[in-house]
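Architecture and fold: a report
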Amino acid sequence: MGKAELMFDKQMVWLEKTARHVILLVGGVGLIVIYSGFFYLMFKGYDTSALPWYLLLSPWICIYFGLAQTRQLAVILWFKQKLTRK
């Protein structure tokens, strides 16, 4: 490998790490904003049936893809353990 290839690899690792942090941040902020708005509407007595179900799911998807690969696998195993019958 040449020096340019090593530099490119370091830049790609930095870019991937930065993208994961941004996605995790967007998911966290989305979780706070969407759920606080949803609970506000629900507790004020407004009808929330018009809201699509994926609206509440979307921040969790961002958070999942913002995690490191080992944590993503741990989440999958956790869900698999919770959803399988014994």
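Residues numbered from 1 in each chain as written. Predicted model: local features only at pLDDT ≥ 70, side-chain atom pairs only at ≥ 80, totals over all residues. Heavy atoms only, no water.

It is worth spelling out the overall build of the protein at this point. A count of helical and extended segments in the protein gives 3 helices and 0 strands. When the helices and strands of the protein are listed from N to C terminus, the series reads α-α-α. Each of the three principal axes of the protein carries a C-alpha extent, and together these read 65 × 35 × 15 Å. For the protein, the proportion of its 86 residues judged to be buried stands at 10%. For the protein, long-range pairs separated by at least 24 residues make up 63% of all intrachain contacts whose partners lie at least 6 apart in sequence. Counting only carbon and sulfur atoms, one obtains 71% of the accessible surface of the protein, whose full area is about 7,600 Å². (Helix = DSSP H or I, 4+ residues; strand = E, 2+ residues; numbered from the N terminus. Buried < 20%, exposed > 50% of the residue type's maximum accessible area, 1.4 Å probe, protein only. Contact = heavy atoms within 4.5 Å. Areas by Shrake-Rupley, 256 points an atom, 1.4 Å probe, with all protein chains shown as cover.)

Counting across every chain of the model gives 6 aromatic pairs. Plain terms: the ring middles of Trp53 and Tyr54 are 5.8 Å apart, the flat faces sit at 80 degrees to each other, and that makes the pair edge-to-face. Residues Trp53 and Tyr54 agree in their burial class; the two are exposed. Between Trp78 and Phe79 the ring centres are 5.1 Å apart and the planes differ by 70 degrees, which places this aromatic pair in the edge-to-face class. Three or more aromatic residues link up through ring pairs in this structure, and these residues are Tyr35, Phe38, Phe39 and Phe43. (Phe/Tyr/Trp six-rings, centres within 6.5 Å; stacked < 30°, edge-to-face > 60°.)

Okay, the packing of helix α1 (residues 3-44) against helix α2 (residues 54-66) next. Relative placement of two packed helices is described by the angle separating their axes and the distance separating the axes. For the pair α1 and α2, the least separation of the axes is 7 Å and the interaxial angle reads 160 degrees. Of the possible angle classes, the one that applies to α1 and α2 is roughly antiparallel. Like other packed secondary-structure pairs, α1 and α2 cross with a definite hand, here left-handed. In contact with Arg20, Ile23, Leu24, Val26, Gly27, Gly28, Gly30, Leu31, Ile34, Tyr35 and Phe38 of α1, α2 contributes Leu55, Leu56, Ser58, Pro59, Trp60, Cys62, Ile63, Phe65 and Gly66. (Axes fitted to C-alpha atoms, helices over the stretch in contact; angles between N-to-C directions. Parallel < 35°, antiparallel > 145°, perpendicular 65-115°, else oblique. Left-handed = near helix turned anticlockwise from the far one by under 90°.)

Our focus in this paragraph is a nonpolar patch on the surface. Nonpolar side chains collect at one region of the surface, where Ile23, Trp53, Tyr54, Leu57, Trp60, Ile61 and Phe65 lie side by side and expose about 790 Å² of accessible area between them. In terms of residues, the nonpolar patch owes the most to one element, α2, which gives 5 residues. Within the element layout of this structure, Ile23 appears in helix α1. According to the relative accessible area criterion, Ile23 is partly exposed, its value standing at 32%. (Patch = residues over 30% accessible without salt bridge, like charges linked within 9 Å, V, L, I, M, F, W, Y side chains within 5 Å. Salt bridge = Lys/Arg side-chain N within 4 Å of Asp/Glu carboxyl O.)

On to the confidence of the model for the protein. When pLDDT drops low, the exact placement of atoms in the prediction is not to be read closely. Here the protein averages 91 in pLDDT, while 98% of its residues score no lower than 70. Confidence, read as mean pLDDT per element, is least for α1 in the protein (91) and greatest for helix α3 (residues 69-83) (94). (pLDDT = per-residue confidence, 0-100.)

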